[in-house]
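Secondary and tertiary structure notes
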Amino acid sequence: MDVRSQVSMVFHLDKCIGCHTCSIACKNVWTDRKGAEYMWWNNVETKPGTGYPTKWENQDIYKGGWEKNGNSVSLKGAGKLRGLKNIFHNPHLPVLDDYYEPWTYKYEDLFTAPEGDDQPTARPVSLVTGEHMDVQAGPNWDDDLGGSIDYARQDVNFKDLSPAEQEVMFQLERMTFFYLPRICNHCLNPACVASCPSGALYKRGEDGVVLINQQVCRAWRMCVTACPYKKSYYNWHTGKSEKCILCYPRLESGQAPACMHQCVGRIRYLGVMLYDADKIHEVASTEKESDLVDAQLGIYLDPFDPEVIKAAKKNGIADSTIVAAQKSPVYKFVKEWKIALPLHPEFRTIPNLFYVPALMPGMATVQDGVYEESNPQFLWGGIDNNRMPVKYLSSLFSAGNTGKVVEVLKRLMAVRWHRRQVTVGDVKQDVVDKAMQEVSLGKETADAIFRLTSLATFDERFVIPPAHREESIEMLESTADVKGSTGFGFREKPARGW
Ligand code: SF4
Ligand code: SF4
């Protein structure tokens, strides 16, 4: 057993209001620079939809992630041979139009326009060319199902739904959607790290944050192809690739990442997970895609187990990190309560960002004037009749294993019924008991889930392992020494000529 520690995240999708505050928080801190305007290390998409960059989930186009290769896995579209073959033209790289052409407005025209009969306007100007442009797309162009014909209907997650099932989703009175906020998953088997010919990408030993060394990056852009989540971006101004750094300078001083700190819906949780690095290859190479979720959950270790604690200490993991792992909200959601799932586990990167799937209006279906859930016959009717079909959710969160999603939705429903019984009292007790029994949920656990979901304090949502402040200060000083650096290694000027 090779115990390591990983800072991991949970996003609770039923709580996301799609306000994009997280995206703006990140942009203001990290990507408000030339060459980075089009980057959204944190973005929020509407599902169903094609997302950002458009159709990022379709690996027939982008060839990201890993594929099964005998008993092992190999990179789908990157790696030494494939990389060499595509050295002068990589057909799998997203181009600017797949993201969008960033723009601003010529605001000064509002003040400097000569006097006349017309109202002055501020025309859009490209941030790449400086020319006037017609805005054709943006990072959340299909927000709230805008332009569903062109976007939502092209969602790759419909692949397992029959045309009739898809049609039901697009009936006006049944249409529904949810938001999917995304950041880098700081994967345990990161395709971006494996693909880099220069060795510029690395996973930090102490917390598993995946970073790109700006001094070493040589602009091969293999990481952009290899990341199936398209969370590594190329800065056309500096000639270096960049990605989410999980606000590590903030983490090191005990603060939550900017996107998490600012989250209006309080949907985000962060905590340490201990895992067995000896199992990474085995988990990534799991034979059947439908077994990938269980295989991944098996890699995370019980932080209370004396054997795990002993092996962790032997590996140099600090006592304070082990205590943080024991208090981790992520461990509770993912391992103890089993209500959070990884996004697209079939990419086989073993992502460390988990999602509580959206239950949405599943509870509110009415049969002959009464809520279905009050009739024991229809115990899980809300799931069967959910406007967001389970097949769709399982394409996102369980590599098509519908059983996994149903299991999670049932637990979430059971918690809701229990709490409704406690607070309103209009659901029959025997229905609540039956539901709780079926998903092996005790009242205490249901209350704990309710509390962490709805009432948790800042310190309960973000359990950040203490770091040695002097080490973090040394690190800041060493990167600030680099001429032209922004302090954290990102350069403000192109690398050429330095
Ligand atoms: S999400 Fe992409 S960029 Fe982030 S660690 Fe995984 S493979 Fe790398
Ligand atoms: S800030 Fe929170 S609630 Fe708002 S879009 Fe981002 S994740 Fe959702």
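Residues numbered from 1 in each chain as written. Chains lettered and ligands numbered in written order. Predicted model: local features only at pLDDT ≥ 70, side-chain atom pairs only at ≥ 80, totals over all residues. Heavy atoms only, no water.

On to the confidence of the model for the chain. The predicted model of the chain has a mean per-residue pLDDT of 89, with 90% of residues at 70 or higher. Confidence drops under pLDDT 50 across residues 478–488; counting only partners more than four residues distant or on other chains, this segment forms 23 contacts. (pLDDT = per-residue confidence, 0-100. Contact = heavy atoms within 4.5 Å.)

A few words now on the side chain of Thr46. Relative to the elements of secondary structure, Thr46 occurs in strand β2 (residues 43–47). In this structure the side chain of Thr46 is engaged in a polar contact, spanning 2.8 Å, whose partner is the backbone nitrogen of Asp144. If we ignore the near neighbours within four places in the chain, the residues touching Thr46 are Asp142, Asp143, Asp144, Leu145, Phe177, Phe178 and Tyr179. (Helix = DSSP H or I, 4+ residues; strand = E, 2+ residues; numbered from the N terminus. Polar contact = N/O pair within 3.5 Å; in protein donor to acceptor, adjacent residues only side chain to side chain.)

This part takes up the site of ligand 2. The environment of ligand 2 is made up of 14 residues, and the closest members are Cys16, Cys19, His20, Cys22 and Cys263. The residue inventory of the shell around ligand 2, partitioned by class, reads nine nonpolar, four polar and one charged. Here the shell around ligand 2 spans two domains, since at least three of its residues come from each of domain 1 (17–100 + 137–256 + 470–480) and domain 2 (265–461). (Near = heavy atom within 4 Å. Nonpolar A, V, L, I, M, F, W, Y, C, P; charged D, E, K, R; others polar. Domains from an automatic or database assignment.)

Glycine aside, negative phi is the norm for most residues, and most peptide bonds take the trans geometry. Residue Pro48 is bonded to the preceding Lys47 through a cis peptide linkage, with omega at 5°. For Pro48, the location among the structural elements is in the loop between β2 and α2 (59–62). Cis geometry marks the peptide bond from Tyr52 to Pro53, where omega comes out at -10°. Examined against the element boundaries, Pro53 turns out to sit in the loop between β2 and α2. Here the phi dihedral of Lys63 falls at roughly 55°; this positive angle occurs in a residue that is not glycine. Looking at the element boundaries, Lys63 is found in the loop between α2 and β3 (66–69). The partly exposed category is assigned to Lys63, whose relative accessible area is 27%. The backbone of Leu246 sits at a positive phi, close to 50°, despite the residue not being glycine. Take Leu246: it is sitting in the loop between β11 (240–243) and α9 (248–252). (Buried < 20%, exposed > 50% of the residue type's maximum accessible area, 1.4 Å probe, protein only.)

This part takes up the pattern of salt bridges. One pass over the structure, following the stated rule, counts 19 salt bridges. Salt-bridge contacts for Arg4 lead to Asp2; the nearest nitrogen and oxygen are separated by 2.8 Å. With a relative accessible area of 18%, Asp2 lands in the buried category. Here Lys313 makes a salt bridge to Asp319, at a shortest N to O gap of 3.7 Å. Under the relative-accessibility criterion, Lys313 is labelled partly exposed at 45%. (Salt bridge = Lys/Arg side-chain N within 4 Å of Asp/Glu carboxyl O.)

Across the sheet, which stays open at both edges, the four strands sit in the order β12-β1-β14-β13 with mixed pairing between neighbours. The strands lining the two open edges of the sheet, one partner per strand, are β12 (268–276) and β13 (341–342). (Pairing = 2+ DSSP bridges.)

Orientation of helix α13 (residues 306–314) relative to helix α14 (residues 319–326), taken along the N-to-C sense of each, is 145°, at an axis distance of 10 Å. Read as a crossing pair, α13 and α14 show a hand that is right-handed. Residues Ile309, Ala312 and Lys313 of α13 touch α14, and the partners they reach there are Asp319, Ile322 and Gln326. (Axes fitted to C-alpha atoms, helices over the stretch in contact; angles between N-to-C directions. Left-handed = near helix turned anticlockwise from the far one by under 90°.)

Between helix α17 (residues 390–397) and helix α18 (residues 402–423), the shortest axis-to-axis distance is 8 Å and the interhelical angle comes to 105°. Between α17 and α18, the angle falls in the class roughly perpendicular. When α17 is examined against α18, the residues Val390, Lys391, Leu393 and Ser394 are found in contact with a partner set consisting of Thr402, Val405, Val406 and Leu409. (Parallel < 35°, antiparallel > 145°, perpendicular 65-115°, else oblique.)

Inspection of the secondary structure puts Asn42 in the loop between α1 (21–31) and β2. At a separation of 2.9 Å, a polar atom in the side chain of Asn42 contacts the side chain of Arg268. Each residue touching Asn42, except ones within four places of it in the same chain, is listed here: Cys22, Ser23, Cys26, Arg182, Ile183, Lys231, Cys259 and Arg268.

A rise of 1.5 Å per residue sets the reference length of α18, with its 22 residues, at 32 Å; its end C-alpha atoms lie 31 Å apart and thus fit the reference within 8%. With a side-chain oxygen lying 3.1 Å from the backbone nitrogen of Gly403, the N-terminal cap of α18 falls on Asn401. Directly beyond the C-terminal end of α18, a positive phi value near 80° is found at Gly425. (Expected span 1.5 Å × (residues − 1).)

One pass over the structure, following the stated rule, counts 21 aromatic pairs. Consider the rings of Phe158 and Tyr392, whose centres lie 5.4 Å apart with planes at 45°: the pair is tilted. Highlighted residues: Phe158 in the loop between β6 (124–126) and α6 (163–169) and Tyr392 in helix α17, separated in sequence by 234 residues. The class for Phe158 is buried, based on a relative accessible area of 3%. With centroids separated by 5.3 Å and ring planes inclined at 70°, the aromatic side chains of Tyr229 and Phe347 adopt a geometry described as edge-to-face. (Phe/Tyr/Trp six-rings, centres within 6.5 Å; stacked < 30°, edge-to-face > 60°.)

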